[in-house]
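# Summary of structural features
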Amino acid sequence: VQLQAFGGGLVQAGGSLRLSCAASGRTFSNYGMGWFRQAPGKVREFVAGIRASGSSTYYADSVRGRFTISRDNAKSTVYLQMNSLKPEDTAVYYCAATRYVGAQTTTRLYDYWGQGTLVTVSS
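Report follows, based on the coordinates. If you're wondering where the values come from, they're calculated on a predicted model, not measured in any experiment.

### Focus on the overall build of the protein
- Along the backbone of the protein there are zero helices and eleven strands.
- Walking the protein from its N terminus toward its C terminus, one meets helices and strands in the order β-β-β-β-β-β-β-β-β-β-β.
- Relative to the 2.2 N^0.38 estimate, which gives 14 Å for 123 residues, the radius of gyration of the protein is 13 Å and therefore close to what a compact globule would have.
- With respect to the three principal axes, the spread of C-alpha positions in the protein is 40 × 25 × 25 Å.
- The buried share of the protein, taken over its 123 residues, is 46%.
- Of the contacts formed within the protein by residues at least 6 apart in sequence, a portion of 56% connects residues at least 24 apart.
- When the accessible area of the protein is evaluated, it comes to approximately 6,100 Å², of which 47% is carbon and sulfur surface.

### With respect to the pattern of salt bridges
- One pass over the structure, following the stated rule, counts five salt bridges.
- Linking Glu45 and Arg37 is a salt bridge whose minimum nitrogen-to-oxygen distance equals 2.6 Å.
- On the basis of relative accessibility, which here comes to 35%, the residue Glu45 falls in the partly exposed class.
- Residue Asp89 is joined to Arg37 by a salt bridge in which the shortest nitrogen-to-oxygen separation is 2.9 Å. Separated by 52 residues along the polypeptide, Asp89 in the loop between strand 8 (77-82) and strand 9 (91-98) and Arg37 in strand 4 (residues 32-38) bring together distant segments of the chain.
- Overall, the relative accessible area of 1% leaves Asp89 in the buried class.
- A cluster of three or more residues bridged by salt bridges with shared partners is formed by Arg37, Glu45, Arg66 and Asp89.

### What about the sheet that holds strand 7 (residues 67-72)?
- Pairing is antiparallel in the open sheet, where four strands are placed in the order 1-3-8-7. A single partner strand is all that each edge strand has here, and the edge strands are strand 1 (2-6) and strand 7. With direction set aside, neighbouring strand axes in the sheet form an average angle of 15°.

### Focus: the state of the cysteines
- Under the definition given, this model contains one disulfide.
- Covalently, Cys21 is tied to Cys95 through a disulfide, its sulfur atoms 2.1 Å apart. A torsion of 60° about the S-S bond marks the disulfide between Cys21 and Cys95 as right-handed. Linking Cys21 in strand 3 (residues 17-24) with Cys95 in strand 9, this pair joins segments that are 74 residues apart in sequence.
- A relative accessible area of 0% places Cys21 in the buried class.

### Focus on the pairing of strand 7
- Burial along strand 7 is one-sided: the face carrying Phe67, Ile69 and Arg71 is buried and the face carrying Thr68, Ser70 and Asp72 is not.
- In the sheet, strand 7 pairs with strand 8 via six bridges, with the strands oriented antiparallel. Counted as the bridge partner of Asp72 is Thr77 from strand 8.
- Between strand 7 and strand 8, which follow one another and run antiparallel, lie four residues, and Ser76 among them has a positive phi close to 55°.

Reading guide: rules and limits
- Residues numbered from 1 in each chain as written.
- Predicted model: local features only at pLDDT ≥ 70, side-chain atom pairs only at ≥ 80, totals over all residues.
- Heavy atoms only, no water.
- Helix = DSSP H or I, 4+ residues; strand = E, 2+ residues; numbered from the N terminus.
- Rg over C-alpha atoms; globule rule 2.2 N^0.38 Å.
- Buried < 20%, exposed > 50% of the residue type's maximum accessible area, 1.4 Å probe, protein only.
- Contact = heavy atoms within 4.5 Å.
- Areas by Shrake-Rupley, 256 points an atom, 1.4 Å probe, with all protein chains shown as cover.
- Salt bridge = Lys/Arg side-chain N within 4 Å of Asp/Glu carboxyl O.
- Pairing = 2+ DSSP bridges.
- Axes fitted to C-alpha atoms, helices over the stretch in contact; angles between N-to-C directions.
- Disulfide = S-S within 2.5 Å.

Spelled out as structure tokens, the structure:
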């Protein structure tokens, strides 16, 4: 699976951004999808995930209630709607695909990764 993330940018605190991740190469609907982020000097961390069917979503505590993950299997695309952004949300955001069933929150269980898109939230 080839993944391409886009939609990052500079936004003021309290603002919103929508990230998209387009997939190609394999059957998108066979894979669970996740969003991770990595801030400078920090390890990559889980943000949100969605199961292959789209029937279930799960979030890191730090973003629950502010971020929403969704997918359109017909378009082979996963989205991350980010609202009420905070400066601590500043990071490079990566989309990833996993063949494992269930709520996967660890990087090692994801098989394919996009190139990342930078989100900067100013205070």
